Amino acid sequence: YPTFCPLMSNNFRQVQDALLKQPNAPTNWHLLTLSFDPDWDSPARLKAYAEGMRHDPKHWTFATGDLTDITAIAEQVGEVFVRDADGTGISHNLRTVVVDAQGRVQKIIAENKWTPEELMAELRRAAVAKP
């Protein structure tokens, strides 16, 4: 599914690379890629994938966890995922969530139609959020 996980990861990498290169970019940002397939996405697999994406671990984490916890997080932002009937895959939608410097959800972006520039603009706003 080239418009799902690979596109999201490539866009995140572009955001990471651009923010790390910009001298006036905020420093209080962090990308989180959360897998909802803990049976497949073991820590070792996620680590290998993250390294392949050339992630900076100070600014981008690939994580998974207990399916109950992942489901609880996903439900709060409108992420829906179900295992395919034959058990070979997972059908899902996409969500990109921007949390501001005060820990508040600033924006939930549905699907994967945002550009790296749009996400960087949201991250800049989020970085300077006041109480």
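Placed above this text is the structure.
A brief structural summary. (Residues numbered from 1 in each chain as written. Predicted model: local features only at pLDDT ≥ 70, side-chain atom pairs only at ≥ 80, totals over all residues. Heavy atoms only, no water.)

At a minimum axis separation of 9 Å, helix α1 (residues 5-21) and helix α4 (residues 116-127) run at an interaxial angle of 55°. In terms of axis orientation, α1 runs oblique to α4. α1 and α4 meet at a crossing whose hand is right-handed. Contacts between α1 and α4 involve N11, F12, Q14, V15, A18 and L19 on the former and, on the latter, P116, L119, M120, L123 and R124. Among the residues forming the contact of α1 with α4, the class breakdown is eight nonpolar, two polar and one charged. (Axes fitted to C-alpha atoms, helices over the stretch in contact; angles between N-to-C directions. Helix = DSSP H or I, 4+ residues; strand = E, 2+ residues; numbered from the N terminus. Parallel < 35°, antiparallel > 145°, perpendicular 65-115°, else oblique. Left-handed = near helix turned anticlockwise from the far one by under 90°. Contact = heavy atoms within 4.5 Å. Nonpolar A, V, L, I, M, F, W, Y, C, P; charged D, E, K, R; others polar.)

Attention now goes to the pattern of salt bridges. It is possible for side chains bearing opposite charge to pair when their charged atoms get close. Evaluated as defined, the whole model comprises six salt bridges. R95 is the partner of E111 in a salt bridge, and the nearest nitrogen-oxygen pair spans 3.9 Å. Highlighted residues: E111 in the loop between β6 (105-110) and α4 and R95 in strand β5 (residues 95-99), separated in sequence by 16 residues. Since its relative accessible area comes to 30%, E111 is described here as partly exposed. In this structure, D100 engages R104 in a salt bridge whose closest nitrogen and oxygen atoms are separated by 2.9 Å. On the accessibility criterion, D100 (10% relative accessible area) is buried. Shared partners join several salt bridges into a network, and the residues in it are K107, E122 and R125. (Salt bridge = Lys/Arg side-chain N within 4 Å of Asp/Glu carboxyl O. Buried < 20%, exposed > 50% of the residue type's maximum accessible area, 1.4 Å probe, protein only.)

Geometry of an aromatic ring pair is reported as the spacing of the ring centres plus the angle between the planes. Per the stated rule, a full pass over the model turns up five aromatic pairs. Between Y49 and F62 the ring centres are 5.7 Å apart and the planes differ by 75°, which places this aromatic pair in the edge-to-face class. Here F62 lies in strand β2 (residues 60-63) and Y49 lies in helix α2 (residues 43-52), a separation of 13 residues in the sequence. Classification of Y49 by relative accessible area gives partly exposed; the value is 35%. Of the aromatic side chains, those joined through ring pairs into one cluster are F12, Y49, W60, F62 and W114. It is R45 that lies over the ring of W40; its NZ or CZ is 3.3 Å from the centre. (Phe/Tyr/Trp six-rings, centres within 6.5 Å; stacked < 30°, edge-to-face > 60°. Lys NZ or Arg CZ within 6 Å of the ring centre and 35° of its normal.)

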